[in-house]
Amino acid sequence: MGLFDKLSDTANKMKSTIDEKREEAAQKRAEAAALDAEFKEKAKQKADEITKFILEHGDDSKGGFYASNGVDNIINFTKEFYDKILLPANSVKQSYISMYPYLNDKTIKAFTKGFPNHGTTERDVLHLKDPKKQEFLLTTENFYFKVCLEENEKYFAMGCVPCKNINTFSLEKSDESYIFKCDTYEVAKLPITNGREEDFITLNDYFRCIENSDFEIIDEEVNDLIRKKIGEKVYSDVKKYMVYDDELMMYFAWGLDSFTAKDYIVCTNKQIIILDREAFGATANVKQLYYGIVNCGMVVCACANVICHSVIVAVGRCHYDCGTFRPCLYPRIPRTIFVATKSGTTTN
């Protein structure tokens, strides 16, 4: 075989190899497209299944999830619940839950892009997003869901059910996750990660309050929930500085971590307790400001999607800056403020 023949043979083999690789790539693309179409169809079927079951089997005899409660009552209670129940002893940054009026507009807008029927008349009430990127949005009119497939968590079933056709929401613990139920249907399995079980416990309490039209949040309830969140070890530490038999925790905020422990600030119905640890947590400086608190609340501000905490105490006409926890990265923008007030006058 001459040189020309050898070169021609080599060229033919190379062409044959390139053609084979092209065919293989085309086949893989076709298989991937077929698999993609299959999972998209499964996601659609799953969404239809969820919607159909709830509409057909859900108990809407009471007039829906909100029943006869007016929109204003729901909105006002949601804000109070977030301020008094969800926020204390909680990390806003790590929490799975956000509520009116502190919903992130950018996050909600990105989620509702997949729902053309998300209307301008409905008001967003609650948003939940877990580590698997499953999302749920509850508005004054509808319940929107985005649930991943068990077979492939990259694909999501997305749908919407009117709240008037839903009676209850609940979360049931199962091993290392919580099952999110809409009436009796198991909509999704939410994993417990980063110690966020308290989010599910708190959300269950919110659903219970709405279902029972129980919109009164009493001090004992706030105290018990904070105690549950911080644990008995921290509570016993706080209790050492609570001198009154009827003293209750009204608010609790974690401070900056030391190497071995955390700083914190506690507002009770009698005093403010500020614990500031030295380096390595070897010693603790404790400040106590006594007064009678008759009202307390949160003023929450977002700084370029960063939520931060500063503690301001207002007693009569005097205001005390008790220290900044999680300092604001944008000092010209108002910070998250906890305000405790006392009626009457105060002398310096």
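Residues numbered from 1 in each chain as written. Predicted model: local features only at pLDDT ≥ 70, side-chain atom pairs only at ≥ 80, totals over all residues. Heavy atoms only, no water.

> A description of the overall build of the protein should follow, citing residues and the corresponding values.
In terms of helices and strands, the protein carries five helices and 18 strands. Counting all 348 residues of the protein, 44% fall into the buried class. Taking as baseline every contact in the protein between residues at least 6 positions apart, the subset at least 24 positions apart corresponds to 56%. With the model as given, the accessible surface of the protein reaches about 19,300 Å², and the carbon-plus-sulfur share is 51%. (Helix = DSSP H or I, 4+ residues; strand = E, 2+ residues; numbered from the N terminus. Buried < 20%, exposed > 50% of the residue type's maximum accessible area, 1.4 Å probe, protein only. Contact = heavy atoms within 4.5 Å. Areas by Shrake-Rupley, 256 points an atom, 1.4 Å probe, with all protein chains shown as cover.)

> Mind laying out the pairing of strand E4 (residues 142-148), listing which residues take part and the relevant values?
Burial of E4 is extensive: seven of the seven residues sit out of reach of the surface. Neither face of E4 is open: one carries Asn142, Tyr144, Lys146 and Cys148, the other Phe143, Phe145 and Val147, and all of them are buried. Where strand E3 (residues 135-139) lies against E4, four bridges are found, and the strand directions are antiparallel. Directly across from Leu137, in E4, lies its bridge partner Tyr144. What sits between E3 and E4 in their antiparallel hairpin is a turn of two residues. When E4 meets strand E5 (residues 156-162), the two strands line up antiparallel, connected through seven bridges. Paired with Cys148 across the two strands is Phe156, which belongs to E5. (Pairing = 2+ DSSP bridges.)

> Lay out the sheet that holds E4 with the relevant residues and their values.
Taken together, the five strands give an open sheet; going across it, the order is E1-E2-E3-E4-E5, and neighbouring strands pair in antiparallel fashion. Among the strands making up the open sheet, the edge pair consists of strand E1 (97-99) and E5. Along the sheet, successive strands turn relative to each other by an average axial angle of 10 degrees, direction set aside. Helix H2 (residues 71-86) contacts E1 and strand E2 (124-129) of the sheet and is inclined by roughly 135 degrees relative to E1. (Axes fitted to C-alpha atoms, helices over the stretch in contact; angles between N-to-C directions.)

> Which residues make up the pattern of salt bridges, and what values do they have?
Scanning the model with the defined rule gives 15 salt bridges in all. With its nearest N and O atoms 2.9 Å apart, the salt bridge here joins Asp83 to Lys79. Within this pair, Asp83 and its partner Lys79 are both found in helix H2, separated by four residues, close to a single helical turn. Across the pair Asp246 and Lys270 runs a salt bridge whose closest N-O atoms are separated by 3.6 Å. One end of the pair, Asp246, is in the loop between helix H5 (219-239) and strand E9 (249-257); the other, Lys270, is in the loop between strand E10 (262-268) and strand E11 (271-277), with 24 residues separating them in the sequence. Classification of Lys270 by relative accessible area gives partly exposed; the value is 23%. Members of the salt-bridge network, linked through shared partners, are Glu38, Lys42 and Glu151. (Salt bridge = Lys/Arg side-chain N within 4 Å of Asp/Glu carboxyl O.)

> Run through the environment of Ile166, naming residues and quoting values.
Among the secondary structure elements, Ile166 is positioned in the loop between E5 and strand E6 (169-174). Taking relative accessible area as the criterion, Ile166 reaches 0% and is therefore assigned buried. Separated by 103 residues in sequence, Ile166 and Gly63 place their C-alpha atoms 8.4 Å apart.

> Account for helix H3 (residues 105-112), naming residues and giving values.
Looking only at H3, the buried set comprises Ile108, Phe111 and Thr112. The buried side chains of H3 occupy one side of the element, clustering within an arc of 90 degrees when seen end-on. Among the exposed residues of H3, those pointing more than 90 degrees away from its buried face are Lys106, Lys109 and Ala110. Buried-residue contacts for H3 involve E2, E3 and E4. Near the N-terminus of H3, the side chain that reaches the backbone nitrogen of Lys106, with its oxygen 2.9 Å away, is that of Asn104. (Arc of directions from axis to C-beta. Polar contact = N/O pair within 3.5 Å; in protein donor to acceptor, adjacent residues only side chain to side chain.)

> I'd love a proper account of unusual backbone geometry, names of residues and values included.
With an omega dihedral of 5 degrees, the bond running from Tyr100 to Pro101 counts as a cis peptide bond. Along the polypeptide, Pro101 turns up in the loop between E1 and H3. Of note in this structure, Lys133 is not a glycine but carries a positive phi near 70 degrees. By secondary structure assignment, the location of Lys133 is in the loop between E2 and E3.

> Let's hear about the nonpolar core: which residues, and what values?
Core analysis: the largest hydrophobic core is formed by 69 residues, its most contacted members being Phe136, Tyr206 and Phe252. Each residue touching Phe252, except ones within four places of it in the same chain, is listed here: Pro88, Ala89, Ile226, Ile230, Val234, Val238, Tyr264, Ile265 and Val266. Core analysis: the next-biggest nonpolar cluster, separate from the first, contains seven residues, Leu103, Ile108, Tyr144 and Cys160 among them. (Core = buried A, V, L, I, M, F, W, Y, C linked by side-chain atoms within 4.5 Å.)

> Let's hear about the sheet that holds strand E8 (residues 185-191): which residues, and what values?
Read from one edge to the other, the open sheet built from three strands follows the order E6-E7-E8, with strand pairing classed as antiparallel. Edge positions in the open sheet fall to E6 and E8, since each of these has one partner strand only. Each adjacent strand pair in this sheet contributes to an overall mean axis angle of 25 degrees, direction not counted. The sheet contact formed by strand E7 (residues 177-182) and E8 spans six bridges and is antiparallel. Across the sheet, residue Ser177 finds its bridge partner in E8, namely Pro191. In the packing of helix H4 (residues 197-211) onto the sheet, the strands contacted are E6, E7 and E8, and the crossing angle to E6 comes to about 145 degrees.

Bear in mind that shape data such as this cannot, by itself, settle questions of function.
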